Amino acid sequence: MGAVFTSEIVSDANAIDPIGVQYTEEKRDSETAQSTASNDTEECEKQGKWSELPSLPLENIYSFLRREDQVNMSLVCRSWSEGYSSPSVWKTFRFAFSGSQLSMDTCPVKKFVRKYSSMFRHVEIESTCEQDCLMNNWCRHFVEFLQILTSNTQLISVKFRYFSYYHYPIRDTLFYNDICREIVDFLASQRHLKRVEFEHCFFNFQKCVEILRKLTESSRESLTHLNIRGFDDHNPMSQEQNSNLAQNLPANLPTLADLPNLTILETDYSLIFENMVAPQSNNIQTIKRRQTRVLSRIILNYSHTCMEIDHFRGLTSTDWRLLQNLYPRLQVEFNFMRSSSSRRDVEFFIVPNMPISRLEFIHETMFPVLEIAVLIDHLLACKTTEHLVTLRLFWQEPIQNLSSTFIPFLQACKKLKCFELFMCDTTGIDVLLESWLENRPESLEKVIIDIVNLHNENDAPGWINVNEYVSLLKLAGLNISVNLYIYS
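Residues numbered from 1 in each chain as written. Predicted model: local features only at pLDDT ≥ 70, side-chain atom pairs only at ≥ 80, totals over all residues. Heavy atoms only, no water.

An unreviewed UniProt entry lists the protein chain under the name F-box domain-containing protein, with Araneus ventricosus given as the organism.

This part covers the pattern of salt bridges. Any two side chains of opposite charge can pair if their charged atoms end up close together. Counted according to the given criterion, the structure contains 19 salt bridges. Two residues, Asp 310 and Arg 344, come together in a salt bridge whose shortest N-O distance is 2.4 Å. Residue Asp 310 is located in the loop between β7 (297-302) and α13 (317-326), and its partner Arg 344 is located in helix α14 (residues 343-349); the two are separated by 34 residues in the primary sequence. Exposure remark for Asp 310: the relative accessible area of 56% places this residue in the exposed category. A residue is classified by how much of its surface remains accessible, and Arg 344, at 48% relative accessible area, is partly exposed. Ionic pairing is found between Arg 343 and Glu 347, a salt bridge with its closest N-O pair at 3.8 Å. Separated by four residues within a single helix, Arg 343 and Glu 347 lie in helix α14, roughly one turn from each other. When its relative accessible area of 48% is taken as the criterion, Arg 343 is described as partly exposed. The exposure class of Glu 347 is partly exposed, given its relative accessible area of 40%. Three or more residues joined by partner-sharing salt bridges are found here, namely Arg 94, Glu 124, Glu 126, Arg 161 and Glu 199. (Salt bridge = Lys/Arg side-chain N within 4 Å of Asp/Glu carboxyl O. Helix = DSSP H or I, 4+ residues; strand = E, 2+ residues; numbered from the N terminus. Buried < 20%, exposed > 50% of the residue type's maximum accessible area, 1.4 Å probe, protein only.)

Aromatic ring pairs: the centre-centre distance and the angle between the two ring planes describe each pair. Scanning the entire structure with this criterion turns up 26 aromatic pairs. Ring geometry for Phe 361 versus Trp 395: centroids 5.8 Å apart, planes at 25 degrees, classification stacked. Separated by 34 residues along the polypeptide, Phe 361 in strand β9 (residues 356-363) and Trp 395 in strand β10 (residues 390-395) bring together distant segments of the chain. Here Phe 361 matches Trp 395 in class, with each residue buried. Cluster of aromatic residues (ring-pair linked, three or more members): Tyr 269, Phe 273, Tyr 302, Phe 312, Phe 334, Phe 336, Phe 348, Phe 349, Phe 361 and Trp 395. (Phe/Tyr/Trp six-rings, centres within 6.5 Å; stacked < 30°, edge-to-face > 60°.)

Structure follows, in structure tokens:
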């Protein structure tokens, strides 16, 4: 795939060759002045004066096209050529290289970046290079690109994706420091960023702190959405290093108080996240004096790739109560995936006063480390039922006493609208559905139950009853599907 730089984000199928676009653009620049003047009148008469299309519809048409098609469209007539240079066409820009383009000494898109970067408002930068021999070229092109943005552009949003592909091979070289320095300088130059995303980038901890500190200094008042999933790289550390880091966090780590207009935070459960939340008790008077307290959504993720809980302080019910007092509209979406979940894991991460509105719990093990009843009882004890709107459970071991476990729990969830269950056994499903015919949870609107890993229908007791109950529940207005997947 060639470099991709589009007015709208496109799929790989729509990726284009930047050299071809560059050639077409050069052709457009040289031919447009000569050809359009003589042909405009004749073509307008033939085509019903399409060249007189108002600017707004013209810009809307451009917004639906790939960059290559935009260039071709700009060759039609003078007014369409002028429309190609309008800010709306260059509002969104994607910078991504792979394969043959990285073997070139010069960056084929630099010309367009220099020419149109002042119009950029939304930029996505993606590393797709997987060849070690081309890493240095990618880094050099990326640094040059950021330098142009730093001097020419004021963005509204920026997304960095998949930088981990090259960070590991060059971690001990000057390129890594150059990249981090350019990112910091770029963020320092931006004063109006509303949305910033670092997705699967994995910087070392000190660089994370430096990047976030610069971001909070430069876009403190404007930033509303921050995504730092896959941001803090802890994996290469030894257990001793992780423990030392947890005990000696730098004093200049940013907190939620440093981003007063932040409404959405997407993050892994990490030392950085703990530090952003836990010190709120020290800042509570300062924050209370502010009239605007807008944080409404934390999307929190924890998986088997994250640090072990021994290295975390752990957010307490007091921490979450303070957050709810400071941010009354706050809701938490918690995505939890572990291959060896235990009662300790559950009790550490899910605590009282944590306003979980959406819980996705993936229990990827066939070993009975955690029983479903333990999770459900803990959710009841924490009063998670007061907030829960969506519950998604992926359970790869047989669930004992399914109906007796879920019936009282779902009745206690007064706000639950969507319930999804992925499991490997049908036992108890018919009893659960039958109970809903008589006393369905009032708020429940959508149910999806997938049963997999069965070898034949004889492994699915009560399946005939399940089909009957599903039909009756649909007639009663419930959007429900129960799917049985049999593998021979």
